[in-house]
Amino acid sequence: MATKSMRQATTGRERASEHEGFLRYQSYKWLKIALAISAVALLIYAFNDVQPKPNGGSIYGYITGTVGVGLILWLAWLGVRKRAITPGRWSLKSWTSAHVYLGLSLIVIASLHTGFDFGWNVHTLAYVLMMLVIASGAFGIASYAMLPQELSANRGETTQIQMLDNLRMIDRQLNEAAQPLDAEGAAIVRMALEDDPFGGGLIARLTGRYAKCGTRTALDAVRADHVREEGVADPYDHVEVLLERKKSSLSRIRKHLRLKALLEVWLYIHVPLTFALIAALLVHIVSVFYYW
């Protein structure tokens, strides 16, 4: 019995470990380290009497500046590091957790480094770029925390390929249902058949709003323009049902694409801003030592 209980406890710990995300890695180990670093920096800043006022050119400013630059360069290395998934103390999960929390600690370290002395110059530009990089990273973390569940709920038990297969099947049925229609009806159905679920550009994909949706236009046309006789079988009825099904199917696919885009789009801002930050940092450092 004792052996069984031990095995169950061990299995439970293993399962808990398997589901541990990078934010909670080893009971928030890197969050605690980041808070400790920030607390030390704040304490020294509070008791450090710099005359005439705190600034990046003081000894404290040089130390926090060196720590900040070192951290930024190390954090930027994640893009290279994540290409290799390895276990152990410096596993990718550990590295990513450190990337998040030490990146947030830069808000404190870099702000104290500046001495809150800002202006229209390259030094402030580097600070602003750093804050934008952190903000875009925070958006990425929030996206990965919230969107996968919504993505899964929208997809249900189907895959993206199955959703597209279902759309193609409805198109085939629509094409057959349009055969008895006159020229005007066939033109209306063609609007839906030529509708591209991936069209509309980046803005449409991110917002989920497709102003030129052919399926919606065709459905409105069938409902508004066609007069039906009561008690008489009408091929437009079948077309309307299929258009409604296609509209619903398109809505799910487009929501799926929007959620996937939101999961990825922040990287197209975060990465270029990181390179711009490193460039601004180099100019900042060179100018500081040039005019020293």
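Fair warning: this is a prediction, and the values are worked out from it, not measured in the lab. (Residues numbered from 1 in each chain as written. Predicted model: local features only at pLDDT ≥ 70, side-chain atom pairs only at ≥ 80, totals over all residues. Heavy atoms only, no water.)

Draft legend 1. Geometry of the overall build of the protein. Counting secondary structure elements, the protein contains twelve helices and zero strands. Going from N to C terminus, the protein has its helices and strands arranged as α-α-α-α-α-α-α-α-α-α-α-α. For the protein, buried positions account for 36% of its 292 residues. Counted over contacts in the protein with a minimum sequence separation of 6, partners at least 24 positions apart contribute 76%. Just so you have it, the protein exposes about 18200 Å², and 64% of that area is on carbon and sulfur atoms. (Helix = DSSP H or I, 4+ residues; strand = E, 2+ residues; numbered from the N terminus. Buried < 20%, exposed > 50% of the residue type's maximum accessible area, 1.4 Å probe, protein only. Contact = heavy atoms within 4.5 Å. Areas by Shrake-Rupley, 256 points an atom, 1.4 Å probe, with all protein chains shown as cover.)

Draft legend 2. A look at the packing of aromatic side chains. Counted under the stated rule, the structure contains six aromatic pairs. Arranged with centres 6.2 Å apart and planes meeting at 80°, the rings of Tyr45 and Phe116 form a pair that is edge-to-face. Taken as a pair, Tyr45 in helix 2 (residues 25-47) and Phe116 in the loop between helix 5 (92-114) and helix 6 (122-155) lie far apart in primary sequence, 71 residues in all. Site record: aromatic cluster; members linked through ring pairs are Tyr45, Tyr60 and Phe116. The residue whose ring lies beneath Arg254 is Tyr210, and the NZ or CZ to ring-centre distance is 4.0 Å. (Phe/Tyr/Trp six-rings, centres within 6.5 Å; stacked < 30°, edge-to-face > 60°. Lys NZ or Arg CZ within 6 Å of the ring centre and 35° of its normal.)

Draft legend 3. Structural context of a nonpolar patch on the surface. On the surface, Ile59, Ile63 and Val67 cluster together into a nonpolar patch covering about 310 Å² of accessible area. The class for Val67 is partly exposed, based on a relative accessible area of 40%. (Patch = residues over 30% accessible without salt bridge, like charges linked within 9 Å, V, L, I, M, F, W, Y side chains within 5 Å. Salt bridge = Lys/Arg side-chain N within 4 Å of Asp/Glu carboxyl O.)

Draft legend 4. Expanded view of the UniProt feature "transmembrane region" (unreviewed entry) in the protein. With numbering aligned to this structure, UniProt lists the feature "transmembrane region" (unreviewed entry) at residues 30-47, 59-80, 100-120, 126-147 and 265-291. The distance separating the terminal C-alpha atoms of residues 30-47 is 26 Å; by composition the span is 100% helix and 0% strand. In residues 265-291, the share of helix is 93% and the share of strand is 0%. The end C-alpha atoms are 40 Å apart. (UniProt positions renumbered as here; feature names shortened; annotations may be inferred.)

Draft legend 5. Up close: helix 12 (residues 267-290). Between its terminal C-alpha atoms helix 12 stretches 34 Å, which fits the 34 Å expected from 24 residues at 1.5 Å a residue. Here helix 12 has its buried residues at His270, Leu273, Thr274, Leu277, Ala280, Leu281, His284 and Ser287. Looking at the packing, one finds that the buried side of helix 12 touches helix 3 (59-76), helix 5 and helix 6. (Expected span 1.5 Å × (residues − 1).)

Draft legend 6. Broad picture of the environment of Arg258. Within the element layout of this structure, Arg258 appears in helix 11 (residues 235-265). Take Arg258: its relative accessible area is 21%, and that puts it in the partly exposed class. Linking Arg258 and Leu202, residues 56 residues apart in sequence, is a C-alpha distance of 9.4 Å. Contacts of Arg258, omitting those with residues within four sequence positions, involve Glu150, Arg205, Leu206, Thr207 and Gly208.

Draft legend 7. Fine view of the environment of Ile253. You can see Ile253 is positioned in helix 11. Once the C-alpha coordinates of Ile253 and Leu164 are considered, the two residues, 89 residues apart in sequence, prove to be 7.7 Å apart. Excluding its chain neighbours within four sequence positions, the residues that come into contact with Ile253 are Met163, Leu164, Leu167 and Pro197.

Draft legend 8. Geometry of the pattern of salt bridges. Applying the stated rule across the entire model yields seven salt bridges. Note that Lys255 and Glu150 form a salt bridge whose closest N and O atoms lie 3.9 Å from each other. With a gap of 105 residues between them, Lys255 in helix 11 and Glu150 in helix 6 connect regions that are remote in the sequence. Taken together, the shared-partner salt bridges connect Arg223, Glu240 and Glu244 into one network.

Draft legend 9. How the structure looks around the confidence of the model for the protein. The predicted model of the protein has a mean per-residue pLDDT of 86, with 88% of residues at 70 or higher. Taken as a whole, residues 1-6 scores under 50 in pLDDT and shows zero contacts with residues more than four places along the chain or in a different chain. Per-residue pLDDT stays below 50 along residues 8-17; that stretch engages in one contact with residues further than four places along the chain or on separate chains. (pLDDT = per-residue confidence, 0-100.)

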